[in-house]
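Each chain, letter by letter, is given below.
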Amino acid sequence: MAKHRVAKAGEIPPGGRRIVEVAGRSIGVFNVGGEFFALRNQCPHAGGPLCEGPLSGFVRSKVPGEYEYVRKGEILRCPWHQWEFDVRTGQSWFDPVKTRVRAYEVTVEPGGGGSSNGGLAGGELTEAGLEKGPFTAETYSVSVEEQYVVIEV
Ligand code: FES
């Protein structure tokens, strides 16, 4: 895979995103609390512009009348039919009986260091009664090198 500089790190602030064209693909690059993630801007359902959709979180409740809002800004909703995907992994959290789409490992390497983020908080969501769906939006490796956001495609 080749590395592509897609933005200066400061051009995508926390909570922000940029949609770029790389190697013939439209890719959304997201800054979630200072961590960068990249997903293909093509919904695995019907090809909608997934990365143009709103970001939200999940509401979970252990008892009636009490709830908490978790994973704020980490759940991407497709603007066409509202299917939801985890920005960190591309994993869907619905419809457990259909197709699976290939996922790529996503890494964040601020200043050249690195860390893996695979499946953060997935266990929490399963405990809350959510079930992973079979769909996964295509994701790409992301790193920050000398103030540039770089993705591998
Ligand atoms: S195209 Fe994305 S939910 Fe249908």
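Per chain, the residues get numbers from 1 upward, laid out in the order the sequence is written. Reporting in this predicted model follows two pLDDT cut-offs: at least 70 for local features of residues, and 80 or more for side-chain atom pairs to be given and counted; totals over whole chains, interfaces and linings ignore these cut-offs and use all residues.

### A look at the overall build of the protein
Selection criterion: Each helix is a run of DSSP H or I of at least 4 residues and each strand a run of E of at least 2, with the numbering of both proceeding from the N terminus. Any residue with 12 or fewer other C-beta atoms within 10 Å of its own C-beta is exposed, any with 20 or more is buried, and the rest are partly exposed; the C-beta atoms used are placed from the backbone. By the criterion used throughout, residues are in contact when their C-beta atoms, derived from the backbone, lie within 7 Å.
Along the backbone of the protein there are one helix and eleven strands. Listed by position from the N terminus, the elements making up the protein come as β-β-β-β-β-β-β-β-β-α-β-β. Put simply, the protein has 153 residues, and 35% of those count as buried. Counted over contacts in the protein with a minimum sequence separation of 6, partners at least 24 positions apart contribute 58%.

### Structural notes on the sheet that holds strand β1 (residues 3-8)
Note the threshold: Following DSSP output, two strands are said to pair if at least two bridges run between them. For every element, the axis is a line fit to its C-alpha atoms; helices are fit only across the contacting stretch, and the angle between N-to-C directions ranges from 0 to 180 degrees.
Read from one edge to the other, the open sheet built from six strands follows the order β1-β11-β10-β4-β3-β2, with strand pairing classed as antiparallel. Bordering the open sheet on either side are β1 and β2 (17-22), each of which pairs with just one other strand. Going from strand to strand, the sheet's axes swing by 30° on average, the running direction of each strand aside. Two elements, strand β3 (residues 25-32) and strand β4 (residues 35-40), share six bridges in a ladder whose sense is antiparallel. Paired with F30 across the strands is F37, a residue of β4.

### Focus on the sheet that holds strand β7 (residues 84-86)
Spatial ordering of the open sheet is given by β5-β6-β7, a layout of three strands whose pairing is antiparallel. In the strand order of this sheet, the two ends are held by β5 (55-60) and β7, each with one partner. Across the sheet, the mean angle from the axis of one strand to that of its neighbour is 55°, orientation sign disregarded. Judged from the five bridges that link them, β5 and strand β6 (residues 68-77) form a sheet pairing that is antiparallel. Following the sheet pairing, V59 is matched in β6 by Y69.

### Comments concerning the pairing of β3
Most of β3 sits out of view: six of its eight residues are buried. Of the pairings in the sheet, the one linking β2 to β3 comprises six bridges and is antiparallel in character. In the strand pairing of β3, I19 is matched with G28. Taking the residues between adjacent antiparallel strands as the criterion, β2 and β3 are bridged by two residues, where A23 takes a positive phi near 50°.

### Observations regarding the environment of T139
Residue position: T139 is located in strand β10 (residues 139-145). By the C-beta count within 10 Å, which is 26 here, T139 ends up buried.

### Some remarks on the environment of S56
One can find S56 in strand β5. Beyond its immediate chain neighbours, meaning those up to four positions away, S56 contacts I75 and R77.

### Quick notes on the environment of A2
With respect to the secondary-structure elements, A2 resides in the segment before β1. Spatially, the C-alpha atom of A2 lies 5.8 Å from that of V153, the residues being 151 residues apart in sequence. In contact with A2, other than residues within four places in its own chain, are E152 and V153.

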